[in-house]
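Reading the structure
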Amino acid sequence: MKKTTLAALAILFGTSGVFAQDVLRMGSEGAYPPYNFLNDATGELDGFERELGDEICARAELNCEWVINDWDTIIPNLVSGNYDTIMAGMSITEARMEVIAFTQNYLLPEPSAFISLADTDVAMRDSGVIAVQSNTIQAGYVAETDADLLEFPTPDETISALRNGEADAVLADKAFLAPYVADSGGELVFLGDDVILGGGIGIGLRQSDTDLRDTLNAVIDEMKADGSLNVMIEKWFGADHPKF
Amino acid sequence: MFSFCTDPSILPDWQWFACYLTNATHLQFYRAFGVVIVLLAITAPAALGMGLLGALALRSRIWPLNWLGQGYVNIVRGVPDIVFFLFVPIALGQGIEWVMHQIHCPDWDQPIRQGNDFIVCREAKVPPVNAPAWVRDIYAFGMAVTAFALVFGAFVANTLYGAMQAVPKAQIETAEAYGMTRRQAFRRIVLPQMWVYALPGLSNIWQILIKATPLLFLLGIQDIVYWARELGGQKTSLFAYPHPDWRMWYFLGLLCFYLFLTWASERAFARLNTRLSRGQATAAGERMRKAAAA
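Residues numbered from 1 in each chain as written. Chains lettered and ligands numbered in written order. Predicted model: local features only at pLDDT ≥ 70, side-chain atom pairs only at ≥ 80, totals over all residues. Heavy atoms only, no water.

1. Focus on the domain arrangement of chain A
Residues and elements named next belong to chain A. Per the domain assignment, the segments making up chain A are domain 1 (2–109 + 199–237) and domain 2 (111–196). Measuring from the centre of the C-alpha atoms in domain 1 to the corresponding centre in domain 2 gives 28 Å. In this complex, domain 1 contributes 13 residues to the contact, which on the side of domain 2 involves 13 residues. Here domain 1 and domain 2 share an interface that buries about 1,100 Å² over both sides, 52% of which is from carbon and sulfur atoms. By the criterion of area lost to domain 2, the three top residues of domain 1 are Y32, W71 and D72, representing 42% of everything that side buries. Scanning the region where domain 1 abuts domain 2 turns up zero salt bridges. For the pair domain 1 and domain 2, the interface holds six residue pairs in polar contact (both at pLDDT 80 or more). (Domains from an automatic or database assignment. Contact = heavy atoms within 4.5 Å. Buried area = accessible area lost by both parts, 1.4 Å probe. Salt bridge = Lys/Arg side-chain N within 4 Å of Asp/Glu carboxyl O. Polar contact = N/O pair within 3.5 Å; in protein donor to acceptor, adjacent residues only side chain to side chain.)

So this is what it looks like as C-alpha cells:
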C-alpha cells in the first residue's frame, strides 16, 4: 500500500514541477496545548499536531520545517506563501473553505465545552459574557446565541479573563480546557453539557496546491487504516476522545 | 542549563527559578532583546537616509522630484503604520517574485493569480524554495527594516526639511555673496547647521521608533512582547514548568527595558544637542558663548 502511494506521488510530483526534496513549510500557532504548544524544556514546537505532522512528512518522504505564526494572521500568511500548510487545531468550516482548502479531517468533530468559576448558573451560557479566541468556530457559535461575545487573540487570555471576572464563562475545545480545570483544584468547573461544533480538524492548504492535498490525504488515509492515528489521539487526548 | 534541572517538579524554589529562567524558551526570549536592539541599530540610519533623500526631494526645484517627495511624505504620514507594515512585505515580496518570474520563466502558461493564491514558478521563489531557516529569517528581518525605514523616513524627511528652512536665510545670502553656488552653500552652510534644529524632532521620532518595535510580530518575527505574552501566560501541568498567570511580571520587565532605553537615548540626545549647539546662532549657542566669555 505504502509503496504504491509513493509511486503515485512520484508521478504526480514529476509532472507538476514540485520535487519531493523541497522543504514543506508547516505553519502552526504554538499556543494551544495539547494540539500545539512550545515545549518549555526544549523551546521547540510540541504537541499532537507536531507529532502527527512529523509522521505524515516521514511517510510521504517530505522534508518538513515548522513555522510559528499568530492565529489571527495564520490564513493570510498561508495564502501569501509564507508557509504551505496549517496544522493548528483548525476546524474545517464553510467560511474557511472559501479562502483555503483542507485535507480530510485528522480529528473527528469533537466536543467544545464551557468552563466557569465554581457555582456559576448554567443559564449564564445564554445570558452572560462568554470569552473565546477570535476567528474560531466557538466565536461563531457564541455570536449566534444571546450571550455577549468577548474575543481575545490568544486562547490563554480567555482563561485570564474568566479568572479576573471579565467573563462569566469560556467556550473552547474541551481538550484544551481540561488541564486548566484539572489544575485549578476546584476553582474552575465545566458548565453544563458539551457542544459538538465544526466538521473536524484538517490540514489547511492553498486552494491551488491540489497535488499536495492528494499526497497528504493519501497519508492520512493510510494512518487511519493502520490505526496509528488513533494511537496518537489516545496518547495526547486520552482514551475518551472521539477516534476513527 | 544546570545539571540539577532534569526534573524541575521536585526542585526547591530557588533552583526551580534558576532552571525556569534559563530554559530554552527563556533563552529565546533573551535573544529577542538582541533582535530589537539590532533592528533599531539598522533601522535608525536607514530611516535617516530615507529622510535625507525625502527632504532633498522636497527642496528640489525639479518638479517631478519635488512631487515625488511631496507624495512620499504625505501619503506615508497619512496612512496608519500598521497598514504599511502589512502592505509593504506582501507588495514588495510579491513584486520581487513577479520580476523573478518574468526573468526565469517567460514561457509559463498559467495565470499568476489563481483565486486567492499568488503562484510563480519554482525558480522565481524568493527566498529560494530550499533556503535554510536562517535565510528566511534574514529575509523577513530585511522586510521589517524596509517597512520601518519607509514609514519613519517620511517623518524624518519632514523634520529635516523644516530644519533646513530654519537655517537663517541671511547666512545663505552671505554665502552666495561670497560667490558660492546654491549647491555649495547648501553643503557648507545649511547641511552642517541644520542638525541642531532637527534634533528635537529626530529625538521624538527615535522614541516613537523604539515604541513601534513590537509591530515586528506582524511580520512573523517573534519579538519580546510576543515572548512575554507567551511565557507569562498560565502553564498547565502539561508543561515542564507549570505556573499561574505571570504576564504582569513579564510586562513589568518589558516596561523597565523600554524605560531604560528611552532614558539612555534621552541622555545621548542631550549630549548631542550640547555638542551641536556650539558656535550656533541659536539661544543655546549664545548662552555657551556668554559662559565662555565670562
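2. As for the layout of surface pockets
Residue and element names in this part refer to chain B. Taken as a whole, the second largest pocket encloses approximately 650 Å³ of empty space. Around the second largest pocket, the lining is made up of 20 residues, and of these R59, S60, R61, R182 and F186 lie nearest the centre. Broken down by secondary-structure element, the contributors of at least two residues to the lining of the second largest pocket are α2 (24–59), α5 (133–166), α6 (169–177) and α7 (182–212). Per-element tally for the lining of the second largest pocket: the top contributor is α7, with five residues. (1 Å grid on protein atoms, 1.4 Å probe; cavity = no way out; pocket = protein on both sides within 12 Å on 5 of 7 lines; lining within 4 Å. Points joined across faces, edges and corners; volume = space filled by probe spheres on them. Helix = DSSP H or I, 4+ residues; strand = E, 2+ residues; numbered from the N terminus.)

3. Remarks on empty space enclosed by the protein
Under the counting rule described, the total for this entry stands at six cavities of 30 Å³ or more. Roughly 260 Å³ of volume is contained in the largest cavity. Lining the largest cavity are 23 residues; nearest its centre among them are A:G30, A:A31, A:T154, A:D156 and B:E230. At the level of secondary structure, the elements contributing two or more residues to the lining of the largest cavity comprise β2 (31–32), β3 (36–38), α7 (155–163) and α8 (174–183) of chain A together with α8 (224–232) of chain B. Take the lining of the largest cavity: its biggest share by element is three residues, from α8(B). Taken together, the residues of the lining of the largest cavity break down into 12 nonpolar, five polar and six charged. A domain-level breakdown of the lining of the largest cavity finds at least three residues from each of domain 1 (2–109 + 199–237) and domain 2 (111–196) of chain A. If you add up the space inside the second largest cavity, you get close to 170 Å³. If you trace the second largest cavity, you find 18 residues lining it, with A:Y32, A:Q133, A:T136, A:Q138 and A:D173 closest to the centre. For the lining of the second largest cavity, the secondary-structure elements that each account for two or more residues are β9 (129–133), α6 (137–144), α7 and β11 (169–173) of chain A. Sort the elements by how many residues they give to the lining of the second largest cavity and β11(A) lands first, with three residues. (Nonpolar A, V, L, I, M, F, W, Y, C, P; charged D, E, K, R; others polar.)

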